[in-house]
Amino acid sequence: MTMPKRLIVAIDGPAGSGKSTSAKFVAKKLGYLYIDTGAMYRAVTYLAMENNVLQDNEAVIKIAKSSDINLKFIDGVTHVSVDGNDITDKIRTPEVNSNVSEISKIKEVREALVEKQQEYAKRNGGVVMEGRDIGTVVLPNADVKIFLTASIEERAKRRTKEFEEKGISISLKEVEDNIRQRDVIDSTRDVSPLVKAPDAVEVDTSRVTIEQQVEIILGLIKKAWEN
Ligand code: DC
């Protein structure tokens, strides 16, 4: 598919809905920049844990504002570094999963990270950005907005498999409980909750393969590009 026009694509949805996997494929196929905004919230959470300040909002806000969080997408992996130190593996642990939603509720943390995300989108060329509030808050003028969903059982299965592949031992029930808890916090928080933007297209990925998901998303992008 030739798609010369550079579009801004926003993909939102809950944990395990297939955002990262399909967004990466779509960005690669189109030669667009891929930005995983969840990695930024995870980075701030990890730093707050390392500094023992999880309960201290002021200290967490200071971390979000002063840390130089960098995302580099290389060979299918979002490499995350803070002030030059690579923390790619450290941000994807069950411990970070348990704390990240509480950190993501803090308004000033969101403001600091949204600013960085909007800067990424301003760079020349197309962008596929994924998260929870991309279509609603970060890039409200995106050319294409997609909201991915899937059943909680399917999402928990996907995440458990990812942990297994990394050699992290965790039960399906534990993963499901964590996702359920994050869903509640992420979608009920006061500041930019996880909601479908009115102009987003909802895609249920429970019973579709990654290849099909990618095709659906590419089809929606093609439609926007032709308009
Ligand atoms: O996509 P993820 O599972 O890596 O995201 C981790 C957490 O970060 C998620 O539970 C909520 C938060 N998040 C957010 O609040 N806003 C975003 N745009 C992206 C992630």
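Residues numbered from 1 in each chain as written. Predicted model: local features only at pLDDT ≥ 70, side-chain atom pairs only at ≥ 80, totals over all residues. Heavy atoms only, no water.

1. With respect to the site of the ligand
So, point 1. Not every one of the 16 residues close to the ligand is listed here, only the nearest: Arg 42, Arg 110, Asp 133, Arg 182 and Arg 189.
So, point 2. Between the ligand and Thr 37 there is a distance of 3.0 Å, counted from a nitrogen atom to a side-chain nitrogen or oxygen.
So, point 3. Starting from 440 Å² of accessible surface for the ligand in isolation, the protein chains cover 99%.
So, point 4. Cavity membership is defined here by more than half of the atoms lying within 2 Å of grid points; on that basis the ligand lies in the largest pocket.
So, point 5. Taken together, the elements giving at least two residues each to the shell around the ligand come down to helix H2 (38-50), helix H4 (94-103) and helix H8 (172-188).
So, point 6. Tallied by class, residues from the shell around the ligand come to 2 nonpolar, 5 polar and 9 charged. (Near = heavy atom within 4 Å. Polar contact = N/O pair within 3.5 Å; in protein donor to acceptor, adjacent residues only side chain to side chain. Areas by Shrake-Rupley, 256 points an atom, 1.4 Å probe, with all protein chains shown as cover. 1 Å grid on protein atoms, 1.4 Å probe; cavity = no way out; pocket = protein on both sides within 12 Å on 5 of 7 lines; lining within 4 Å. Sits in = over half its atoms within 2 Å of the grid points. Helix = DSSP H or I, 4+ residues; strand = E, 2+ residues; numbered from the N terminus. Nonpolar A, V, L, I, M, F, W, Y, C, P; charged D, E, K, R; others polar.)

2. Some remarks on the layout of surface pockets
So, point 1. In this model, the largest pocket occupies a volume close to 1,200 Å³.
So, point 2. If you trace the largest pocket, you find 46 residues lining it, with Ser 20, Thr 21, Arg 92, Arg 159 and Glu 162 closest to the centre.
So, point 3. Taken together, the elements giving at least two residues each to the lining of the largest pocket come down to helix H1 (19-30), strand S2 (33-36), H2, strand S4 (77-82), H4, strand S6 (127-131), helix H7 (152-165) and H8.
So, point 4. The element contributing the most residues to the lining of the largest pocket is H7, with 8 residues.
So, point 5. Its residues assigned to classes, the lining of the largest pocket comprises 10 nonpolar, 15 polar and 21 charged.
So, point 6. Lining of the second largest pocket is provided by Leu 54, Gln 55, Asn 57, Ile 61, Ser 98, Asn 99, Glu 102, Ile 103, Lys 105, Ile 106, Lys 107 and Glu 108.
So, point 7. When contributions to the lining of the second largest pocket are tallied by element, the ones reaching two or more residues are helix H3 (57-66), H4 and helix H5 (107-122).
So, point 8. Ranked by the residues each element gives to the lining of the second largest pocket, the list is headed by H4, at 4 residues.
So, point 9. The residue inventory of the lining of the second largest pocket, partitioned by class, reads 4 nonpolar, 4 polar and 4 charged. (Points joined across faces, edges and corners; volume = space filled by probe spheres on them.)

3. Observations concerning the pairing of strand S3 (residues 69-74)
So, point 1. Pairing geometry for S3 and S4, over 6 bridges, is antiparallel. Directly across from Lys 72, in S4, lies its bridge partner His 79.
So, point 2. The turn joining S3 and S4, which pair antiparallel and follow one another in sequence, is formed by 2 residues; a positive phi near 50° is taken by Asp 75. (Pairing = 2+ DSSP bridges.)

4. Quick look at the nonpolar core
So, point 1. Counting 39 residues, the largest nonpolar core has Val 44, Val 60, Ile 69, Val 80, Val 109, Met 129 and Leu 139 as its most contacted members.
So, point 2. Per-element accounting of this core gives the leading share, 8 residues, to H2.
So, point 3. Aside from chain neighbours lying at most four places away, what touches Val 109 is Tyr 41, Val 44, Val 60, Ile 61, Ala 64 and Ile 103.
So, point 4. Listed in part, the 19 residues of the second largest apolar core include Val 9, Ile 11, Val 144 and Ile 217. (Core = buried A, V, L, I, M, F, W, Y, C linked by side-chain atoms within 4.5 Å. Buried < 20%, exposed > 50% of the residue type's maximum accessible area, 1.4 Å probe, protein only. Contact = heavy atoms within 4.5 Å.)

5. Here's the deal with the pattern of salt bridges
Side chains bearing opposite charge may pair, as long as their charged atoms lie close to each other.
So, point 1. Here the structure, examined in full by the defined rule, presents 15 salt bridges.
So, point 2. Three or more residues joined by partner-sharing salt bridges are found here, namely Arg 132, Asp 186 and Arg 189. (Salt bridge = Lys/Arg side-chain N within 4 Å of Asp/Glu carboxyl O.)

6. Overview of the packing of H7 against H8
So, point 1. The contact between H7 and H8 brings their axes to 9 Å, and the two run at 120°. Taken together, the axes of H7 and H8 are oblique relative to one another. H7 and H8 meet at a crossing whose hand is right-handed. Residues Ile 152, Glu 153, Arg 155, Ala 156, Lys 157, Arg 159, Thr 160 and Phe 163 of H7 form the contact with H8, whose participating residues are Leu 172, Val 175, Glu 176, Ile 179, Arg 180, Arg 182 and Asp 183.
So, point 2. A per-class count over the contact of H7 with H8 returns 6 nonpolar, 1 polar and 8 charged. (Axes fitted to C-alpha atoms, helices over the stretch in contact; angles between N-to-C directions. Parallel < 35°, antiparallel > 145°, perpendicular 65-115°, else oblique. Left-handed = near helix turned anticlockwise from the far one by under 90°.)

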